[in-house]
Each structure stands twice: as C-alpha cells, then as structure tokens.
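Each chain is listed here by its residues.
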Amino acid sequence: RPHTQGDAQFLEDESTKIFARKVADHYSARSNQTLEEREASPIIHLKKLNNWIKSVLIQLYTRRGDAVLDLACGKGGDLIKWDKAKIGYYVGIDIAEGSIKDCRTRYNGDADHHQRRKKFSFPARLLCGDCYEIRLDKVLADDAPFDICSCQFALHYSWSTEARARRALANVSALLRPGGIFIGTMPDANVIIKKLRQGCWCPTNLSAITVLTEGLAFGNSVYWIRFDEEFSDKKFKSSSPFGIKYTFHLEDAVDCPEWIVPFQVFQKLAEEYDFELVFAKNSHEFVHEYMKKPEFVELMRRLGALGDGNQDQSTLSADEWEAAYLYMSFVLRKRGQPDKT
Ligand code: SAM
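Residues numbered from 1 in each chain as written. Predicted model: local features only at pLDDT ≥ 70, side-chain atom pairs only at ≥ 80, totals over all residues. Heavy atoms only, no water.

Participant: Run through the overall build of the chain, naming residues and quoting values.
Facilitator: When its secondary structure is counted, the chain shows 12 helices and 11 strands. In the chain, which comprises 341 residues, the share counted as buried stands at 52%. A fraction of 72% describes how many contacts in the chain between residues 6 or more apart in sequence connect residues 24 or more apart. (Helix = DSSP H or I, 4+ residues; strand = E, 2+ residues; numbered from the N terminus. Buried < 20%, exposed > 50% of the residue type's maximum accessible area, 1.4 Å probe, protein only. Contact = heavy atoms within 4.5 Å.)

Shown next as structure tokens:
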C-alpha cells in the first residue's frame, strides 16, 4: 500500500533496527575459540596481521595512564594490547550481549580463554549498548573525558543511515578531550568499489552465492562480498553515501550486513564534529610503512603473521593478503589544546 512520509520514516527506522539486531545476533552467537581451533583457522595469519595493525596503532598513540574508550570492543580481544600500553582506565561497549559477557570473563581472568594471566592493571567498565544509537555522553558522563577512543573493525556498522553515522561521530567527539585521538580500522570503500567494478571474481565460492549475483559479487577462498540488486548499476556517486549495503562473508569470522563508508564523506563529516585527519592508510600500505621500524618488525615476528621480518606475505596465503587489502586504518585528532595539567 502507498504510505505517507511518516510511514516511510517509520519503516526505515524499523529496518535499520532489524539490521543492527542482525549484526548484534551474529557477533553474540560467535563462541570463544580454543587456542587449537584458533590456530587451525583458515584466516589465522590474517587475524594475526590485524592484531599487529591494532597493536601498532595503540602503541603509536597511547600514553601511560590514558583513559580509553573502546567502541564496539567485542570480546575484549584488545585488552592485553591496552594493558601493555599501561593505560589508566578502560571503558568497553558493544551491542552484542554475548560478546560483552565474554569480555567480562576475559577481563576478570576466568580460565576460559587462551591463557590464564594475571589481572589487568587498569580498572574497567564494560557495557552492552548500541554505540550508534545511544547518546553516550549521557551514559558515560562520569567517565569522560577520554584521551583516546578506538573503534576497530566496527565503524562501518554505523553507516546504515546518516543519523547513525552522525551519532557515532558525535559520541566520540563529545567524550574525547581536546587534542584526544580517535583510532580505527574499517573496510576500505575505494578497494571494495574498485573490485566490484573490475568484477574480480573467484569461482571457487560459486556454490556459496547464487549464480544470479554474479556481477554483484566478488571474493576468493577466504571471503566474498555481495551487493544488493539495487546497486547493480554501480553508480554509487549519484546515490546517498549512506545505506550502501553489502553482505560480507569472511571464513571463520564474519557473515553479516555491512555498509560502505566513502572515506572522503567520512572525513568531511568528522570535520563537522571537530576532528582533523592525522592519517588514513590501506592495510597493505600500513604494513609496508611500519615494517620499516625494527620494534614493529619484532612485534610482527612475535605475533607470527608474516615471516621473519619480511615485508611480504610469506606466511599469509595470497588470499588472506588480498582480504587484508579490503581494510584501512585511520587516525583522527579532536581539535583543541589539551589542558596543561
Ligand atoms: N573491536 C573488536 C575487535 O577488534 O576485536 C570487535 C570487532 S568485530 C569485527 C565488530 C564488533 O562490532 C562486534 O563485536 C559487534 O557486536 C560490534 N558492533 C556492531 N554494531 C555495533 C553497534 N551499533 N554498537 C556497538 N557495537 C557494535
């Protein structure tokens, strides 16, 4: 039936909520892996590479005693990285109840995980909530301001509507101190759109996606991306930069709706919320740049993602290295001068 403007708005809000729930349910349902299961993963080296990228970002931009806000913290996979950076306080928030439960277990040092370890040296607050819907400045009024905010592999879930993308940036901006740092890693829209237009297609996954989607999908043995039919003309320029949805499948990791984040639009929007860009780099560029520094080569060697300090993908499979190319990292700084104290 034809609906009024009001109905359309309501329907859009409802479907946005349904997708946010889909994402939350997907991550909630993912159980903790044993060390053996993790090592047997077809993307183990990609996971290690991504951990290296996050560690480098954290080491570059965190100072001893910092107050940290981890948006979409998941199961707390970065807690150890923050501990190594000797932070003073940590707030983690995630929409997936199951992930926050696992994060609490990990923080409390319960023996469910890869290793028993000593307690973390910083106090933490762990919350379940939708970071792109709730006004976090109200919820976290007593915890702010933060010195650094991290949003790893999750900011693209805010790009389903303009309101959510704005809420994400408004939340981070309101909670960071002047001069505070916002770090993140998310899909690289330029790479994804380029691959879609080139029609990069590996037939090994053909059974996983219907033949009808050929031309709207691409991938290899570890991932595939499929756009909705409505984007079949691939003319993203004329459509809204928000709500460009695709389905992302990464072996042993992700299977959910995601949204394109056109980086230039993101940067412009971030400027409205008082952020200036420090840098943005695709993961390949990031590896080449930071593998020039001995301390990060050593970190890579310990994590075991790449071979002994080589700047190539000697232990990552070619397909994992291609999947790494789908991501980029960014660093933004909140305008203003920090207090002298
Ligand atoms: N940041 C963690 C890491 O790097 O290990 C988890 C990354 S995981 C790929 C993406 C996370 O984003 C999931 O834990 C998911 O529940 C969370 N997420 C997605 N949408 C969210 C939202 N609206 N609010 C809070 N968390 C969200």
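Participant: Tell me about the environment of threonine 16, and name the residues and values.
Facilitator: With respect to the helices and strands, threonine 16 occurs in helix H1 (residues 5-29). What makes threonine 16 buried here is its relative accessible area of 12%. Here threonine 16 is in contact with Ser160, Thr161 and Arg164, once residues within four sequence places are set aside.

Participant: Describe in detail helix H3 (residues 44-61), supporting the description with residues and values.
Facilitator: For H3, built from 18 residues, the straight-helix expectation of 26 Å at 1.5 Å per residue is met to within 8% by its first-to-last C-alpha distance of 26 Å. Within H3, 14 of the 18 residues are buried, leaving the element largely enclosed by the surrounding structure. (Expected span 1.5 Å × (residues − 1).)

Participant: Residues and numbers for the site of the ligand, please.
Facilitator: As a matter of local geometry, the ligand sits amid 18 residues, with Lys54, Ala72, Asp94, Asp130 and Gln152 nearest to it. Taking alanine 72, its main chain carries an N or O atom lying 2.7 Å from a nitrogen atom of the ligand. A distance of 2.8 Å is found between a nitrogen atom of the ligand and a side-chain nitrogen or oxygen belonging to aspartate 130. Relative to its unbound accessible surface of 600 Å², the ligand loses 89% to contact with the protein. When grouped by side-chain class, the residues that make up the shell around the ligand number 11 nonpolar, three polar and four charged. (Near = heavy atom within 4 Å. Polar contact = N/O pair within 3.5 Å; in protein donor to acceptor, adjacent residues only side chain to side chain. Areas by Shrake-Rupley, 256 points an atom, 1.4 Å probe, with all protein chains shown as cover. Nonpolar A, V, L, I, M, F, W, Y, C, P; charged D, E, K, R; others polar.)

Participant: Describe in detail the sheet that holds strand S3 (residues 124-128), supporting the description with residues and values.
Facilitator: Sheet architecture is open: seven strands sit in the order S3-S2-S1-S4-S5-S11-S10, paired in mixed fashion. Edge strands, defined here as strands with exactly one partner in the open sheet, are S3 and strand S10 (275-282). Here the strands of the sheet are splayed against their neighbours by 15° on average, with no regard to which way each runs. Sheet analysis places strand S1 (residues 67-71) next to strand S2 (residues 89-94), joined by five bridges and oriented parallel. The residue of S2 that forms the bridge with valine 68 is tyrosine 90. (Pairing = 2+ DSSP bridges. Axes fitted to C-alpha atoms, helices over the stretch in contact; angles between N-to-C directions.)

Participant: An account of the sheet that holds strand S6 (residues 217-219) is needed here, citing residue identities and associated values.
Facilitator: Strand order in the open sheet made by the four strands is S6-S7-S8-S9, with antiparallel pairing throughout. Because the sheet does not close on itself, it has two edges, and the strands there are S6 and strand S9 (254-259). Each neighbouring strand pair of the sheet contributes to a mean axis angle of 15°, computed without reference to strand direction. Here five bridges tie strand S7 (residues 223-227) to strand S8 (residues 245-250), and the two strands are oriented antiparallel to one another. The partner of isoleucine 225 across the bridge, within S8, is phenylalanine 248. Its contacts with the sheet put helix H8 (residues 189-198) on S6, S7 and S8, and the angle it makes with S7 is roughly 80°.

Participant: So, helix H9 (residues 263-272): which residues are in play, and what are the values?
Facilitator: Quick reminder: α-helices carry 3.6 residues per turn. Residues three or four places apart thus point the same way. Taken residue by residue, H9 has Phe263, Phe266, Leu269 and Ala270 as its buried positions. Looking straight down H9, one finds that the buried residues subtend no more than 125° of arc, so they occupy a single side. Structural note: H9 exposes Gln264, Lys268 and Glu272 on the side pointing more than 90 degrees away from its buried face. Buried residues in H9 make contact with helix H7 (162-175), strand S5 (176-187), S10 and strand S11 (327-334). Aspartate 274, located one to two residues past H9, shows a positive phi value of around 75°. (Arc of directions from axis to C-beta.)

Participant: So, the side chain of lysine 75: which residues are in play, and what are the values?
Facilitator: Of note, lysine 75 is situated in the loop between S1 and helix H4 (79-84). Within the structure, the side chain of lysine 75 is placed 2.8 Å from the side chain of aspartate 102, a separation counted as a polar contact. Beyond its immediate stretch of four places on either side in the chain, lysine 75 contacts Tyr27, Arg30, Ser31, Asn32, Ser99, Asp102, Cys103 and Arg106.

Participant: A description of unusual backbone geometry should follow, citing residues and the corresponding values.
Facilitator: Looking along the chain, the bond that leaves alanine 144 and enters proline 145 is cis, with omega of 0°. Along the polypeptide, proline 145 turns up in the loop between helix H6 (136-139) and strand S4 (146-152). Even without glycine at this site, alanine 72 takes up a positive phi of about 60°. Inspection of the secondary structure assignment puts alanine 72 in the loop between S1 and H4.

Participant: I'd like a rundown of the packing of H3 against helix H11 (residues 294-303), residues and numbers included.
Facilitator: Orientation of H3 relative to H11, taken along the N-to-C sense of each, is 145°, at an axis distance of 10 Å. H3 and H11 meet at a crossing whose hand is right-handed. Facing Lys48, Leu49, Asn51, Trp52, Ser55, Val56, Gln59 and Leu60 of H3, the residues of H11 in contact are Phe296, Leu299, Met300 and Leu303. Each residue belonging to the contact of H3 with H11 can be placed in one class, and the counts come to eight nonpolar, three polar and one charged. (Left-handed = near helix turned anticlockwise from the far one by under 90°.)

These figures capture arrangement, not role.
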